[in-house]
Amino acid sequence: MDSWVRFNATSQAKERLIRAAQYACTLLGYTLQKGGAGAELLKLISQLEAHMSLTRKMMYLGSSAESLEAAKRAVHLSDSVLRLCLTVAHLNKAMYFACDNVLWAGKTGLLPQLDQYKWSHRSFRYYLFALILNLTRDAYEIHLLMEREARSHTPKSTWSSSSPPSPYHIMNEDPSLPATSSPAAPAPVNLPKTVITIVMTRLRRQLHMLVIVLRSNPPLLLDLLKNSCDIFIPLERLGIYPTGPGFVGACGLASSVLSILTIIHPWLKLKP
Amino acid sequence: MDNFITLTNQSQGRDRMFRAAQYACALSKYLLRNNPERKELVTKLQSLESNMSGGRKLLRLGNVVSSVEAAKRTIHLSDPVLCLCLTVANINRGLYFICDNVLWARSVGLIRDIDKERWSVNASRYYFLSLVMNLTRDVYVISQLMTQRARDKNFQQRLNRHLDDSPEVAEVVAPQLDAFLFVLFESLKSNPAVALDTVKNICDLFIPLDRLGIYQSNSGVVGFCGLISSLLGIVTLLQPKLKIKP
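Here's a quick rundown of the structure. Just so you know, these numbers come straight off a predicted model, no measurement behind them.

Residue and element names in this part refer to chain A. Taken as a whole, this structure holds 20 salt bridges over all chains when the rule is applied. The residue Glu-141 makes a salt bridge to Arg-137 at a minimum N-O spacing of 3.3 Å. Placement of the pair is Glu-141 and Arg-137 together in helix α6 (residues 116-153), with a separation of 4 residues, close to one helical turn. For Glu-141, a relative accessible area of 15% translates into the label buried.

Moving on: the interface of chain A and chain B. If you look at the interface, chain A gives 31 residues, while chain B gives 31 residues. When chain A packs against chain B, close to 2700 Å² is buried across both sides, 64% of that on carbon and sulfur atoms. Between chain A and chain B we count 2 salt bridges in total. Where chain A meets chain B, there are 7 residue pairs in polar contact (both at pLDDT 80 or more). For the side of chain A that touches chain B, the secondary-structure elements that each account for two or more residues are α1 (2-9), α2 (11-34), α3 (39-59), α4 (63-74) and α5 (80-108) of chain A. The element contributing the most residues to the side of chain A that touches chain B is α3(A), with 10 residues.

The next subject is the packing of α1(A) against α2(A). Residues and elements named next belong to chain A. Packing of α1 against α2 leaves a shortest axis separation of 5 Å and a crossing angle of 95°. It follows that α1 is roughly perpendicular to α2 by the angle criterion. Facing α1, whose interface residues are Trp-4, Phe-7, Asn-8 and Ala-9, α2 presents Ser-11, Ala-13, Lys-14 and Leu-17. Broken down by class, the residue content of the contact of α1 with α2 amounts to 5 nonpolar, 2 polar and 1 charged.

The next thing to look at is the packing of aromatic side chains. If you walk through the whole model with that rule in mind, you get 9 aromatic pairs over all chains. Aromatic rings pair up to connect A:Tyr60, A:Tyr96, A:Phe97 and A:Tyr127 into one cluster. A cation over a ring is seen here: A:Arg122 above A:Trp119, with NZ or CZ 4.6 Å from the ring centre. For B:Arg33, the ring lying beneath its charged end belongs to B:Tyr30, and the centroid distance is 3.9 Å.

Looking at where B:Asn90 falls in the secondary structure, it is placed in helix α5 (residues 80-108). Overall, the relative accessible area of 15% leaves B:Asn90 in the buried class.

Rules and cut-offs
Residues numbered from 1 in each chain as written. Chains lettered and ligands numbered in written order. Predicted model: local features only at pLDDT ≥ 70, side-chain atom pairs only at ≥ 80, totals over all residues. Heavy atoms only, no water. Salt bridge = Lys/Arg side-chain N within 4 Å of Asp/Glu carboxyl O. Helix = DSSP H or I, 4+ residues; strand = E, 2+ residues; numbered from the N terminus. Buried < 20%, exposed > 50% of the residue type's maximum accessible area, 1.4 Å probe, protein only. Contact = heavy atoms within 4.5 Å. Buried area = accessible area lost by both parts, 1.4 Å probe. Polar contact = N/O pair within 3.5 Å; in protein donor to acceptor, adjacent residues only side chain to side chain. Axes fitted to C-alpha atoms, helices over the stretch in contact; angles between N-to-C directions. Parallel < 35°, antiparallel > 145°, perpendicular 65-115°, else oblique. Nonpolar A, V, L, I, M, F, W, Y, C, P; charged D, E, K, R; others polar. Phe/Tyr/Trp six-rings, centres within 6.5 Å; stacked < 30°, edge-to-face > 60°. Lys NZ or Arg CZ within 6 Å of the ring centre and 35° of its normal.

Structure follows, in structure tokens:
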């Protein structure tokens, strides 16, 4: 009970809850439509969804300033890639909030002549840029961690234990094979197969390292999953990669739940 | 800027700002009601006010638990009067939030066959009762402060000096009233949190008084009082030492 009170006290937590409920309504509406529910129920769910969306837009009314402050803080980061990614991401988010505020004014009737479609597109474009930059940051962090992981493993292992021997190596060491005068002349039919094997093994090793890095770094994993889920929303709304309301609802709900997890457990939030 | 962000980060801060905007709209609507050139602006203000009110109702959905938790805390207070006033106030606030949540469900269409007017009147009634209990607590705290001050020897000297300094009309006729007011103002000056809370509760009281028909004012007065109390609420959030404790 006490933790609910603390959770409810931050407006970000409330906004995430309402976002989760909004996308749950989208998903529910799609599922009920597929299941052949009545028009009245579908209308109720879409009204609820619109009401929550408008309330969230109202909650975003001061958020541009917060994003600008976050961008001001990100400018002082030491790592140049992180500095670039995060500052530009926060600036894009500030623009997204500004467009969203204009949309809210249009929807509530303060600006009745507003072209809502145009401004909605604008806001989703800025949101998409912000998400792409966040994903770039995630990829950069993963790359750094994988490099570190690879460096910490190479002194222990040698080539022969971690990778299969090269075809030239086999040919030269295996005494049963006929000695050839030139080592650089393997049979042409074996080359593609062994190249594929090398590539597959390398890929498998990279994947294995990726899994290790992500498992030992839950905040990064959570942030990556959240951004990957979120990116489908603007992709669908802008028509770049149309999925459908059900998929969008599921992705939005998943990313909101992950976001709520990072609020409940602050150690799960990726820093900076 | 930092203050603004600290305020918006708390959901109570955001709610107070929306409330201030909502009542500012109500006040502006009342002031412009007879102006024929501003009819479009009045419609926009009406739409803005109802949107903010609806949004705030959604944001209040979790507050019943906060009130129950607050009541659980105040029940352990040592002072019996404070314990009673604050616990009853928190319980009434919890009941008000329950009625408010039901009204929200009705407004979005989740519940259909309830008597909206009855639930709205009940919500106002519980809100009114919680305000009355808060005011009772304010009066009790002020009376305690005044008694404390009156007993203080230094203060008695200052009071006598004040009464002697101005031996004109009113003070001679009603020296006790003058002394009472002097002690009252000095106590309020020394404890601005109580003064702020009292003014806030008095302003807030006009809203349910008008709604329940006990003291019919008009929407302008309600808007003005709501705006003042929201602004005072924002001030207490920005300056935590101006918030009355407990």
